[in-house]
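# Coordinates in review
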Amino acid sequence: MVKIKKRKMGEAEIPTGSMADISFLLLLFFLVSTVIDVDTGIGLTLPEFVPESDQELVPISKDRMAALLINENGDVLLNKEIIAIPQIKDNLKERIKSKIELPSNKKLIVSVKTDRKTNYNLYIQALDQVKGAYFEVREEYAMSQFSKEVRDLTEEEDKDMKDKIPMIISIAEPEKI
Amino acid sequence: MKFEKKRASTKQEIPTASLPDIVFMLLLFFMVSTTLREVDVLVQYTLPEADAIEKIENKRLISYIWVGKDEKIQLNDNLVTLEEIQPIMYEKRVDLPNVIVSLRVDKNSDMGVVTDIQQELRKADARRVNYSARLKQ
């Protein structure tokens, strides 16, 4: 019998020694080109656009409203009283707190109105105070109700808190000049 | 007398076979987290500072509007006029129903231009906005 010799296969191997080098190079490129900057800021939802002819005036009781007016000189009016910007937070906090247990159609509405010439920075500072007031009240509520911080709340607890303390910030309709 | 050096009999090598895997894992992380297309900002601005700020987790939802010191408005890659905002934003809004518009406005600008932009955004029904601000130190 004739033995058929199997042909020996040449060993097929891809040299992987330089693989690490190549991937390091790629890694370096992405490391350098990545910008992990998180956008931070004050979030808000604008009211729906309603043409002037369709606008209706809905009467809102006075104790629900917190009207914040900022004029071009930087004077701030909260419910027709002159107030300094850093005082807004404490002032609003009391009012938000007093409405925690009221039904949802009786919660506080903060309305912010500015002049065309008002400085943008002032507007942000005022809005920051309003947001800060809400955040602090929420924090206190979470602490007293669930003895947790807001960020540790479960979904249901979070929903309950947001129902009790909704953030209603309204940007007033600009006036036609 | 001959002195023989003491040598450890074990191998003195770090196994490098898994190195590429580790590096690839890192690479993958950076590739996924990178947003490559950075827009050239054509306006000069300084952001205002605030305390009660939130982070926006979902970067893909954001579209930016810049307002510079000279009241120039930039949307996406180029400078636009007020009237152009509405159609562009409306298209965006159709593609991405819950788009967040991040307003990067110079802190010394007037509210007039901001109000105008807001009116345009409301008409385009892109109503989620975010006033970009840095954390107060």
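Residues numbered from 1 in each chain as written. Chains lettered and ligands numbered in written order. Predicted model: local features only at pLDDT ≥ 70, side-chain atom pairs only at ≥ 80, totals over all residues.

### Quick look at the overall build of chain A
This is how the line gets drawn: The secondary structure listing takes helices from DSSP runs of H or I that are at least 4 residues long and strands from runs of E that are at least 2 residues long, numbered from the N terminus. We compute the radius of gyration from the C-alpha atoms alone; for a globule the expected value is 2.2 Å times N to the 0.38, where N is the number of residues. Any residue surrounded by 20 or more other C-beta atoms within 10 Å of its C-beta is treated as buried, while 12 or fewer makes it exposed and the intermediate range makes it partly exposed; C-beta atoms here are placed from the backbone. A pair of residues counts as a contact when their C-beta atoms, built from backbone coordinates, are separated by no more than 7 Å.
Helix and strand content of chain A: 4 helices and 6 strands. In sequence order, chain A lays out its α and β elements as α-β-β-β-β-α-β-α-α-β. Taken against the 2.2 N^0.38 rule, which gives 16 Å for 177 residues, the C-alpha radius of gyration of chain A at 30 Å runs more than 25% over that of a compact globule. Summarising its shape, the C-alpha atoms of chain A cover approximately 110 × 45 × 35 Å along the three principal directions. Within chain A, buried positions represent 21% of all 177 residues. The contacts of chain A with a sequence gap of at least 6 include a subset with a gap of at least 24, amounting to 69%.

### Some points on the confidence of the model for chain B
What counts here: The quantity called pLDDT is the predictor's confidence in a given residue, expressed from 0 to 100.
Per-residue confidence for chain B gives a mean pLDDT of 82, with 95% of residues at or over 70. Scored by ipTM, the complex comes to 0.71, with pTM at 0.73.

### Focus: the packing of helix α2 (residues 88-98) of chain A against helix α3 (residues 120-146) of chain A
Residues and elements named next belong to chain A. Put simply, the rule reads: Fitted lines through C-alpha atoms serve as axes, helices being fitted only where they are in contact, and the angles separating the N-to-C directions of these axes extend from 0 to 180 degrees. Any angle from 65 to 115 degrees is called roughly perpendicular, while one under 35 is roughly parallel, one over 145 is roughly antiparallel, and all others are oblique. A crossing counts as left-handed when the near helix is turned anticlockwise from the far one by less than a right angle, and as right-handed when that turn is clockwise. For this scheme, ten residues count as nonpolar: Ala, Val, Leu, Ile, Met, Phe, Trp, Tyr, Cys and Pro. Four count as charged, namely Asp, Glu, Lys and Arg, and the remainder, Gly too, count as polar.
The contact between α2 and α3 brings their axes to 8 Å, and the two run at 40 degrees. One finds that α2 runs oblique with respect to α3. Handedness of the α2/α3 crossing: right-handed. In contact with I88, K89, L92, K93, I96 and K97 of α2, α3 contributes A126, Q129, V130, G132, A133, Y134, E136 and V137. Residue classes in the contact of α2 with α3 are distributed as 8 nonpolar, 2 polar and 4 charged.

### Quick notes on the interface of chain B and chain A
We count it as follows: Pairing between two strands is assigned when DSSP locates at least 2 bridges connecting them.
Listed per partner, the contact involves 46 residues of chain B and 41 residues of chain A. At the level of secondary structure, the elements contributing two or more residues to the side of chain B that touches chain A comprise α1 (19-33), β2 (54-55), β6 (100-105), α3 (111-123), β7 (128-132) and β8 (134-135) of chain B. Of the residues belonging to the side of chain B that touches chain A, the class tally is 23 nonpolar, 12 polar and 11 charged. With 2 bridges joining them, strand β1 (residues 40-45) of chain A and β2(B) adopt antiparallel strand pairing. Each residue of the ladder has a partner; that of G41(A), found in β2(B), is E54(B).

### Considering the sheet that holds β6(B)
As summarised here, the arrangement of the 7 strands in space is β2(B)-β1(A)-β7(B)-β6(B)-β3(B)-β4(B)-β5(B), forming an open sheet in which the pairing is mixed. Strands at the two margins of the open sheet, each flanked by one partner only, are β2 and β5 (78-80) of chain B. The pairing of β6(B) with β7(B) spans 4 bridges and is classified as parallel. Looking across to β7(B), one finds that I100(B) is bridged to R128(B). On the sheet, α3(A) packs against β1 of chain A together with β6 and β7 of chain B and is oriented at approximately 80 degrees with respect to β1(A). Sitting on the sheet, α3(B) touches β3 (62-67), β6 and β7 of chain B, and the angle it makes with β6(B) is about 165 degrees.

### Description of the sheet that holds strand β4 (residues 81-83) of chain A
All names here are of chain A. Sheet architecture is open: 5 strands sit in the order β4-β3-β2-β5-β6, paired in mixed fashion. Two strands bound the open sheet, and with one partner strand each, they are β4 and β6 (169-171). Each neighbouring strand pair of the sheet contributes to a mean axis angle of 25 degrees, computed without reference to strand direction.

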